[in-house]
Amino acid sequence: MSGATYPAFANCHSHAFHRALRGRAGGSDFWGWSDGMYRVAQVLDPDLYFRLARAAYAEMALAGIGAVGEFHYLHHDRGGVPYAEPNAMAEAVIAAAWEVGLRICLLDTCYLRAGFDGEEPAPAQLRFVHPDAEAWAIGAAELAARHADNPAVVIGAAIHSVRAVDEASLSTVASALPEAPLHVHVSEQPAENAACLAATGRTPVQLLADAGVWSPRTTAVHATHLSDEDVRTLGNSGGYVCFCPTTEAELADGIGPSLALRTAGARLTLGSDSNTVIDMFAEARGLAMHERLGSGVRDGWSAEALWQAATSDGAASLGFGGLGGFELSRSVRTAGADEPLWAASAADVVPPGGLDPDWVRAELEAAIAEVWGRL
């Protein structure tokens, strides 16, 4: 196994600043956990965001990841005041990825409201919010034009969720960057589905379908609570569904119908989301093992299908082709294994040249200490 080269992973869903929450965030459910996330978001400025993202992306590079899809919604200064450079926070994470040699699909995320009833955003959410979808689209287009000639950077669009973007604005977001990847959080929590049904009479998937969101370039993220009709809709679109098994387990999101979606025609991809774990071997095994827990059978996901989800399909969902490769070292985890996907961990990846694991550890410690020192 030592010396063999494996295809680099595509990490299709990341919130880099959530890395500061690893081992610290509490809350009895997703909504309680989000309170800690909002606190961290309040203390970041472009310089600290750059340092934290650079360290998190370096950890990804050490784990064999070649590209990251950064679901970026931390747009403004405190109180929602735009920076003098409106895309300062986006540029910080793009620069962070560039510095450690990671390709990045910056998914510029539209976030307009706090809920279906038009509630005013809480103070902690003001940094995410644009006044309307048209204002967001102008900023996204400017960012895309600025990086159009950089093959290591893709600027895509994202709808944060149906609770954060009103129905009338969904099509504006979907059409803002018509050739670019389009991602959306969907049906992550039962409460989201219930609120959407109460407000619109439709599931989030069906609401997004009516707005023309689903297409071969669209990725539904999480999709852990779907109806049979939702599964058919996503499958028929020919697009992608990104599961983040370690986060979905850590946040008690539930187990999504990955095999049903694949059978219906969707292409599956993987992400680290909250970065509680940065290990695509764990995400791939988690996808298969969650399905086993739900179905009671073991043969739903082959290693070949998992590699495809974790590499080529994931890269395509971010607008990239091949991502290169990595080598694995010999270890007690892989001893006796003939398929590393079932045995290896991120710790078994041979570090790429020019990236010192001790430096990455020290940078993570320093950046996270500064985040928590500001709270």
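The rules behind the values
- Residues numbered from 1 in each chain as written.
- Predicted model: local features only at pLDDT ≥ 70, side-chain atom pairs only at ≥ 80, totals over all residues.
- Heavy atoms only, no water.
- Helix = DSSP H or I, 4+ residues; strand = E, 2+ residues; numbered from the N terminus.
- Rg over C-alpha atoms; globule rule 2.2 N^0.38 Å.
- Contact = heavy atoms within 4.5 Å.
- Lys, Arg positive; Asp, Glu negative; His and termini not counted.
- Charge placed at Lys NZ, Arg CZ, Asp CG, Glu CD.
- Pairing = 2+ DSSP bridges.
- Axes fitted to C-alpha atoms, helices over the stretch in contact; angles between N-to-C directions.
- Buried < 20%, exposed > 50% of the residue type's maximum accessible area, 1.4 Å probe, protein only.
- Salt bridge = Lys/Arg side-chain N within 4 Å of Asp/Glu carboxyl O.
- Polar contact = N/O pair within 3.5 Å; in protein donor to acceptor, adjacent residues only side chain to side chain.
- Disulfide = S-S within 2.5 Å.
- Phe/Tyr/Trp six-rings, centres within 6.5 Å; stacked < 30°, edge-to-face > 60°.
- Lys NZ or Arg CZ within 6 Å of the ring centre and 35° of its normal.
- Core = buried A, V, L, I, M, F, W, Y, C linked by side-chain atoms within 4.5 Å.

## Comments concerning the overall build of the chain
Alright, step 1. Scanning the chain for helices and strands turns up 14 helices and 10 strands.
Alright, step 2. Compactness check: the chain gives a C-alpha radius of gyration of 19 Å against a globular reference of 21 Å for 375 residues, within 12% of the reference.
Alright, step 3. Based on the C-alpha atoms only, the size of the chain along its principal axes is roughly 55 × 45 × 45 Å.
Alright, step 4. Nonlocal contacts in the chain, meaning residues at least 24 apart in sequence, comprise 78% of its contacts between residues at least 6 apart.
Alright, step 5. Between the mean site of the 24 positive side-chain charges and the mean site of the 46 negative ones, the chain shows a separation of 5 Å.

## A short note on the sheet that holds strand β2 (residues 9–14)
Alright, step 1. Spatially, the eight strands line up as an open sheet ordered β2-β3-β4-β5-β6-β7-β8-β9, and their pairing is parallel. For this open sheet the edge positions go to β2 and β9 (267–270), each flanked by a neighbour on one side alone. Shown here is a sheet whose adjacent strand axes are inclined to one another by a mean of 25°, direction ignored.
Alright, step 2. Bridging between strand β4 (residues 103–110) and strand β5 (residues 153–159) involves seven bridges; their strand directions are parallel.

## Side note on the side chain of His 130
Alright, step 1. Mapped onto the fold, His 130 is located in the loop between β4 and α4 (133–146).
Alright, step 2. Not counting the four nearest positions on each side in its chain, His 130 is found in contact with His 75, His 76, Tyr 111, Leu 112, Ala 135 and Trp 136.

## A few points about the side chain of Asp 108
Alright, step 1. Looking at the element boundaries, Asp 108 is found in strand β4.
Alright, step 2. No salt bridge forms around the buried Asp 108; measuring N to O, its nearest opposite-charge neighbour Arg 146 is 9.4 Å away.
Alright, step 3. A distance of 3.0 Å separates a polar atom in the side chain of Asp 108 from a polar atom in the side chain of Trp 136.
Alright, step 4. Here Asp 108 is in contact with His 72, His 75, Asn 87, Trp 136, Ala 140, Leu 143, Gly 156, Ala 157 and Ala 158, once residues within four sequence places are set aside.

## So, the pattern of salt bridges
Alright, step 1. Applying the stated criterion to the full structure yields 14 salt bridges.
Alright, step 2. A salt bridge links Asp 45 to Arg 374, with the shortest nitrogen-to-oxygen separation between them at 3.1 Å. Here Arg 374 lies in helix α14 (residues 357–374) and Asp 45 lies in the loop between α1 (30–43) and α2 (46–62), a separation of 329 residues in the sequence.
Alright, step 3. Residue class for Arg 374 comes out partly exposed when judged on its relative accessible area of 34%.
Alright, step 4. A salt bridge links Glu 363 to Arg 54; its shortest N-O distance comes to 2.8 Å. One end of the pair, Glu 363, is in helix α14; the other, Arg 54, is in helix α2, with 309 residues separating them in the sequence. Arg 54 matches Glu 363 in its accessibility class, with the two residues each being buried.

## Some words on the state of the cysteines
Alright, step 1. Applying the stated criterion across every chain, the model contains zero disulfides.
Alright, step 2. In this structure Cys 12 is not part of a disulfide, and its nearest cysteine sulfur, from Cys 242, lies 5.3 Å away.
Alright, step 3. With no disulfide of its own, Cys 196 lies closest to Cys 110 among cysteine sulfurs, the gap being 16 Å.
Alright, step 4. By relative accessible area, which is 0% here, Cys 196 ends up buried.

## Remarks on the packing of aromatic side chains
Alright, step 1. Across all of its chains, the model carries 14 aromatic pairs by this definition.
Alright, step 2. For the ring pair Phe 281 and Trp 307, a centre distance of 6.4 Å and an interplane angle of 85° mean the geometry is edge-to-face. Taken together, the positions of Phe 281 in helix α11 (residues 280–295) and Trp 307 in helix α12 (residues 303–310) put the pair 26 residues apart, joining distant regions of the chain.
Alright, step 3. We note Arg 262 situated over the ring of Trp 301; from NZ or CZ to the ring centre the distance is 4.4 Å.

## Re the nonpolar core
Alright, step 1. Ranked by internal contacts, the top residues of the largest apolar core, which has 130 residues, are Phe 17 and Tyr 57.
Alright, step 2. Among the elements that take part in this core, α2 stands out by supplying 11 residues, more than any other.

## With respect to the environment of Thr 311
Alright, step 1. Its location among the elements puts Thr 311 in the loop between α12 and α13 (312–317).
Alright, step 2. Under the relative-accessibility criterion, Thr 311 is labelled buried at 9%.
Alright, step 3. With 11 residues separating them along the chain, Thr 311 and Gly 322 place their C-alpha atoms 8.4 Å apart.
Alright, step 4. If near-sequence neighbours (up to four positions away) are discounted, Thr 311 is found in contact with Pro 7, Ala 8, Phe 9 and Ala 10.
Alright, step 5. Within the structure, Thr 311 has its side chain in polar contact with the backbone oxygen of Trp 307 (distance 2.5 Å).

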